[in-house]
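A look at the structure
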Amino acid sequence: MMQMLKYLGIGIALLLIGVLGYGGKGYWDARSDAEDLRARADKAIAQGRGGDSLGAAHRAILLAVEDPNFSTHPGVDFSTPGAGLTTVTQSAAKRLAFEEFHPGIGKIRQTGYALGLESRLSKEQILALWLETLEMGKGPNGWMVGFHSASSALYGRPPAELTEAEFIRLVAVLIAPASYDLVRSDAKLDERVARIQRLAAGACAPAGFSDVWLEGCRQSTP
């Protein structure tokens, strides 16, 4: 029995070393990539495709839904209601650090990469990279990538010029881009939009840390 426990302890120790090593690799990879990513982000910002270009009210809605504590967390967030398991920084890392992301063990390197991004880039640069790489679902001319690109493809206007309802429709698809239809009528999308509208109006709040679907903002039935 003692020998079995010994081997078990060794196995757990090796597993922890492997996890830390894989996460550490992500961290240092991000720091190595930082110069190129910083230039890419600054270019997007200069071209009017950063977070500030959304307009203050629209930006606030987007972050309230996608990453409520984005401005202050270090790349990960394990407590803010509605945050879920993936911050904006981790979401950006998923597309910047992987040719093909696989859940599970990939989350370890993704998180390390996110922490590395936060150590070398500003919040505005990270937000610009995230907006530029977002999967936005199917549009009138095929699959869309990039928040600003989707706004132009669907509405012919940049995000800052959209109505609140139009902007929220773009935000609503981010949780599962392939599950919604931005081009045609979609009752599931309408329901998601309604929840976000109630959140933006201050009429509800996420039910807890994992409430990324905004169950706390579901319309109550009389």
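Data block above holds the structure.
Criteria and cut-off values
- Residues numbered from 1 in each chain as written.
- Predicted model: local features only at pLDDT ≥ 70, side-chain atom pairs only at ≥ 80, totals over all residues.
- Heavy atoms only, no water.
- Phe/Tyr/Trp six-rings, centres within 6.5 Å; stacked < 30°, edge-to-face > 60°.
- Buried < 20%, exposed > 50% of the residue type's maximum accessible area, 1.4 Å probe, protein only.
- Lys NZ or Arg CZ within 6 Å of the ring centre and 35° of its normal.
- Helix = DSSP H or I, 4+ residues; strand = E, 2+ residues; numbered from the N terminus.
- Polar contact = N/O pair within 3.5 Å; in protein donor to acceptor, adjacent residues only side chain to side chain.
- Contact = heavy atoms within 4.5 Å.
- Core = buried A, V, L, I, M, F, W, Y, C linked by side-chain atoms within 4.5 Å.
- Axes fitted to C-alpha atoms, helices over the stretch in contact; angles between N-to-C directions.
- Parallel < 35°, antiparallel > 145°, perpendicular 65-115°, else oblique.
- Left-handed = near helix turned anticlockwise from the far one by under 90°.

What about the packing of aromatic side chains?
Under the definition given, this model contains two aromatic pairs. Seen in terms of ring centroids, Tyr27 and Trp28 are 5.2 Å apart; in terms of plane orientation they differ by 90°. Their pairing is edge-to-face. Judged by its relative accessible area of 56%, Trp28 is exposed. The ring centre of Phe98 lies 4.9 Å from the NZ or CZ of Arg109, which sits over that ring.

Examining the side chain of Lys123
Relative to the helices and strands, Lys123 is located in helix H5 (residues 123–133). There is a polar contact of 2.7 Å between the side chain of Lys123 and the backbone oxygen of His73. Once residues within four sequence positions are removed from consideration, Lys123 is found in contact with Phe70, Ser71, His73 and Glu118.

Describing the nonpolar core
Judged by nonpolar contacts, the single largest core of 50 residues is most densely connected at Leu62, Leu117, Trp130, Met136 and Phe147. Of all the secondary structure elements, the ones that give two or more residues to this core are helix H1 (2–46), helix H2 (56–66), helix H3 (88–96), helix H4 (106–120), H5, helix H6 (147–155), helix H7 (164–172) and helix H8 (187–200). Not counting chain neighbours up to four residues away, the residues in contact with Phe147 comprise Leu54, Leu62, Leu131, Leu134, Met136, Pro159, Phe167, Leu170, Val171 and Leu174.

What about the packing of H2 against H8?
Axis separation between H2 and H8 bottoms out at 10 Å; the angle between their running directions is 110°. Between H2 and H8, the angle falls in the class roughly perpendicular. As for how H2 packs across H8, the hand of that crossing is right-handed. The segment H2 lies against H8, with Ile61, Ala64 and Val65 engaging Arg192, Ile196, Leu199 and Ala200.

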